[in-house]
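In case you want the letters, here they are:
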Amino acid sequence: MTKLKSDIEIAQACKIKRITEIAEYAGIEDKYIEPYGNYKAKIDYTLIKDRAKRKDGKLILVTAITPTPAGEGKTTTSVGLADGLKRIGKNVVVALREPSLGPVFGVKGGAAGGGYAQVVPMEDINLHFTGDFHAIGDANNLLAAMLDNHIQHGNKLGIDSKRITWKRAIDMNDRQLRQIVDGLGGKTQGVPREDGFDIIAASEVMAILCLASDISDLKKRLARIIVGYTFDGKPVTAHDLKAEGAMAALLRDALKPNLVQTLEGTPALIHGGPFANIAHGCNSVLATKMALKLGDYAVTEAGFAADLGAEKFIDIKCRMADLKPSAVVIVATVRALKYHGGVPKADLGKENLKALEKGLPNLMRHVSNIKNVFGLPCVVAINVFPTDTKKELDFIAKKCKTAGIKVALSEVWEKGGEGGIALAEEVVKLCDGSSRIKYSYKLDEHVEDKIKDIAKKVYHAKHLFMLPAAKKRAEEIEKLGLGNLPICMAKTQYSFSDDPILLGAPDDFTITVSDLKVCAGAGFIVAYTGDIMTMPGLPKVPSAEKIDVDAKGRITGLF
């Protein structure tokens, strides 16, 4: 039996085109290109304004069913769909998020697609890339340093050190840094206080970069960041600390989208990487809008399942940036549906139609949400794995068709763009139709009512319970005049509920909100549920143990 090649072996065997060739193919003039070596480049976002008169392409959102340890292949499907559209003669650009080093060294081991549907150079994309995450972390930590420095030198603003909300950030899964005490060592070493770290993907600076329209908007958003509160309860902002100018200077180049390519030479814009379970889970607005100006079709993805990524993509990103998807792709796998049907991970390779039927309600609920809550047309992409049987694939397709749901097999992992042609053709048909985007709540509702709308309409929870601390914060937010902001739910990705072990499509459950946080710069309110954390930890056997580099500089172990 032929040994299957790993993702990194496939990527390293690919003959990559020079980035100037990809830019030329995408119609990007030299004046907008800032090469970072031979195979990646920054693209000046002034291109978007310069092409204001060009009609936008069709926006295609790729989302998925509730994730499982078996994997769903959302990024792989996004890349393969773009290559499939190119194969049928369409002018297409794919816009994706940048991977965080935390998951790369933790569980995933790489996040640039898979098999023959990848973006390259995959090692660069997964490791440092063009330095965007470092710039975001530095801007975040500069603000933290200026905050503590202000307190050290007299605290003129009267900041209550017990009500500081701004944390430091690092792009690594490090549970040891979740809660710390710093400023120890004597009077000249700072003021001792409780502190902590977020992972960079959860930093508000990341969200701001991904939602900003240009450098001026970036500065305005940075200035609005609330870092804490005074002794009399007034918010303290980055502007109060005179920090936004220096932060924007650090982020000047990071604000420009990154251009790379798929294995088949399709232009790919990869920019920004907020997590969808603790942030809004989408690549930058600038990258999406640039893709719409460059291609007749723009493929993008939202993190995790449709209840998290797609909900935030629509309720936050689309609302803020005036975007409207023409079609939505919901990725599902035989393996994941069997997992939702109660099959242990070790047995997912065995045919089991009963478990498949038991797990199907999860898919059906996501489809219903996209069509009925958000009003958008969708197609189910069955991402094929080598262990799937014909009976299982036919079973899902038949169930979908009986329910009036469009469905297509996606064989992009094994066949690249050729395996995405069937899906691409279905997507083009959807894009040719009409749709009217809807939101799951109105912005002028009370904070608690907006959260309740998401919990009941999208998650299908029976009840919403706000802990006293969350209720108090909701009232404070309303009094500050920020109650009209959208909601960013921080919730487990593994369930519709806030309990990660409640699989499938549960109904009789309660969503509990423990706390709220205002991200005034990003322009949303974060609602924390369950045991969600903004600093993940490494697993017992992290992927970092398998990653290595040889004497010639060749990296291995990134899947």
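The sections below set out a description of the structure shown in this document.

Calculation notes
- Residue indices follow the written sequence of each chain, beginning from 1 at its first position.
- Note on the predicted model: pLDDT of at least 70 is required for a residue's local features to be given, and 80 or more for side-chain atom pairs to be given and counted; whole-chain, interface and lining totals, by contrast, use all residues.
- Derived side-chain values reflect all non-hydrogen atoms in the structure, with water molecules and hydrogen atoms excluded from consideration.
- Per the convention used, a helix needs a DSSP run of H or I reaching at least four residues, while a strand needs a run of E reaching at least two, with both numbered from the N terminus.
- The size measure is the radius of gyration over C-alpha atoms, and the globule rule it meets is 2.2 Å times the number of residues to the 0.38 power.
- Summary of the burial criterion: residues with accessible area below 20% of their type's maximum are buried, those above 50% are exposed, and those between are partly exposed, where the area comes from a 1.4 Å probe applied to protein chains only.
- Contacts between residues were defined by any pair of non-hydrogen atoms, one from each residue, lying within 4.5 Å.
- Accessible surface is estimated by sampling points in the Shrake-Rupley manner with a 1.4 Å probe; for residues, cover comes only from the protein chains shown.
- The charge count includes Lys and Arg as positive and Asp and Glu as negative, but it does not include His or the ends of the chains.
- To locate a charge, take NZ of a lysine, CZ of an arginine, CG of an aspartate or CD of a glutamate.
- Basic side-chain nitrogens of Lys or Arg form a salt bridge, by our definition, when they fall within 4 Å of a carboxyl oxygen of Asp or Glu.
- At least two DSSP bridges between two strands are needed for those strands to be called paired.
- Axis lines are fitted to C-alpha atoms, over the contacting stretch for helices. Their N-to-C directions set the angle, which ranges from 0 to 180 degrees.
- Helix span is expected to be 1.5 Å times the residue number reduced by one.
- The arc in question is the one spanned by the directions pointing from the helix axis to the C-beta atoms.
- With respect to orientation, any angle under 35 degrees is reported as roughly parallel, any angle over 145 as roughly antiparallel, any angle of 65 to 115 as roughly perpendicular, and every other angle as oblique.
- Crossings are sorted by hand: turned counterclockwise from the far helix by less than a right angle, the near helix makes the crossing left-handed, and turned clockwise it makes it right-handed.
- Residue type decides the class: Asp, Glu, Lys and Arg count as charged, Ala, Val, Leu, Ile, Met, Phe, Trp, Tyr, Cys and Pro as nonpolar, and the leftover types, Gly among them, as polar.

## Some details on the overall build of the protein chain
Thinking step 1. Each helix and strand counted, the protein chain has 19 helices and 25 strands in total.
Thinking step 2. For a compact globule of 559 residues, the expected C-alpha radius of gyration is about 24 Å, and the protein chain comes in at 23 Å, within 12% of that figure.
Thinking step 3. Principal-axis analysis of the C-alpha atoms places the extent of the protein chain at approximately 70 × 55 × 50 Å.
Thinking step 4. Counting all 559 residues of the protein chain, 60% fall into the buried class.
Thinking step 5. Of all intrachain contacts in the protein chain linking residues separated by at least 6 positions in sequence, the fraction that spans at least 24 positions is 75%.
Thinking step 6. Total accessible area on the protein chain is roughly 22,600 Å²; 52% of this is exposed by carbon and sulfur atoms.
Thinking step 7. For the protein chain, the separation between the mean place of its 77 positive charges and that of its 68 negative charges on side chains is 3 Å.

## A closer look at the pattern of salt bridges
Thinking step 1. Under the defined criterion, the tally for this structure stands at 30 salt bridges.
Thinking step 2. We note a salt bridge from Asp124 to Lys40, for which the minimum N-O separation is 3.0 Å. Remark: Lys40 occurs in the loop between strand S1 (33–35) and strand S2 (41–43) and Asp124 occurs in helix H6 (residues 122–126); sequence separation between them is 84 residues.
Thinking step 3. Residue class for Lys40 comes out buried when judged on its relative accessible area of 12%.
Thinking step 4. Here Lys49 ties to Asp214 by a salt bridge, and the two come within 2.9 Å at their closest N and O atoms. Within this pair, whereas Lys49 is found in helix H3 (residues 46–50), its partner Asp214 is found in the loop between helix H8 (204–211) and helix H9 (215–223), the two being separated by 165 residues in sequence.
Thinking step 5. Where salt bridges share partners, they join Asp148, Arg168, Asp182, Arg193 and Asp195 into one cluster.

## Structural notes on the sheet that holds strand S7 (residues 159–164)
Thinking step 1. Pairing is antiparallel across the open sheet formed by 3 strands, whose spatial order is S7-S12-S13. At either end of the open sheet lies a strand with only one pairing partner, and these are S7 and strand S13 (235–237). Across the sheet, the mean angle separating the axes of adjacent strands is 50 degrees when strand polarity is ignored.
Thinking step 2. Both S7 and strand S12 (residues 226–230) contribute to a ladder of 2 bridges, which runs antiparallel. The residue bridging Ile164 from the neighbouring strand is Gly228, located in S12.

## Here we look at the pairing of strand S3 (residues 58–64)
Thinking step 1. Across the 7 residues that make up S3, a large majority, 6, are buried.
Thinking step 2. With 5 bridges connecting them, S3 and strand S16 (residues 297–301) associate as parallel partners. If you follow Lys58 over to S16, its bridge partner there is Tyr297.
Thinking step 3. Relative to strand S17 (residues 327–332), S3 runs parallel, the two sharing 5 bridges. By the bridge assignment for S17, Ala64 is matched with Val331.

## Considering helix H19 (residues 468–479)
Thinking step 1. Along its 12 residues, H19 runs 17 Å from first to last C-alpha, staying within 8% of the 16 Å computed at 1.5 Å per residue.
Thinking step 2. Every buried residue of H19 is accounted for by Ala470, Arg473, Ala474 and Ile477. Within H19, the buried residues cover an arc of 105 degrees as seen down the axis, which keeps them to one side. Structural note: H19 exposes Pro468, Lys472 and Lys479 on the side pointing more than 90 degrees away from its buried face.

## As for the packing of H9 against helix H10 (residues 244–251)
Thinking step 1. At a closest axis distance of 9 Å, the pairing of H9 and H10 adopts a crossing angle of 135 degrees. In this view, H9 runs oblique relative to H10, as classed from their interaxial angle. Both H9 and H10 take part in a crossing whose hand is right-handed. Here Ile215, Leu218, Lys219, Leu222 and Ala223 of H9 lie close against H10, whose contacting residues are Glu244, Met247, Ala248 and Leu251.
Thinking step 2. A class-by-class count of the residues in the contact of H9 with H10 yields 7 nonpolar, no polar and 2 charged.

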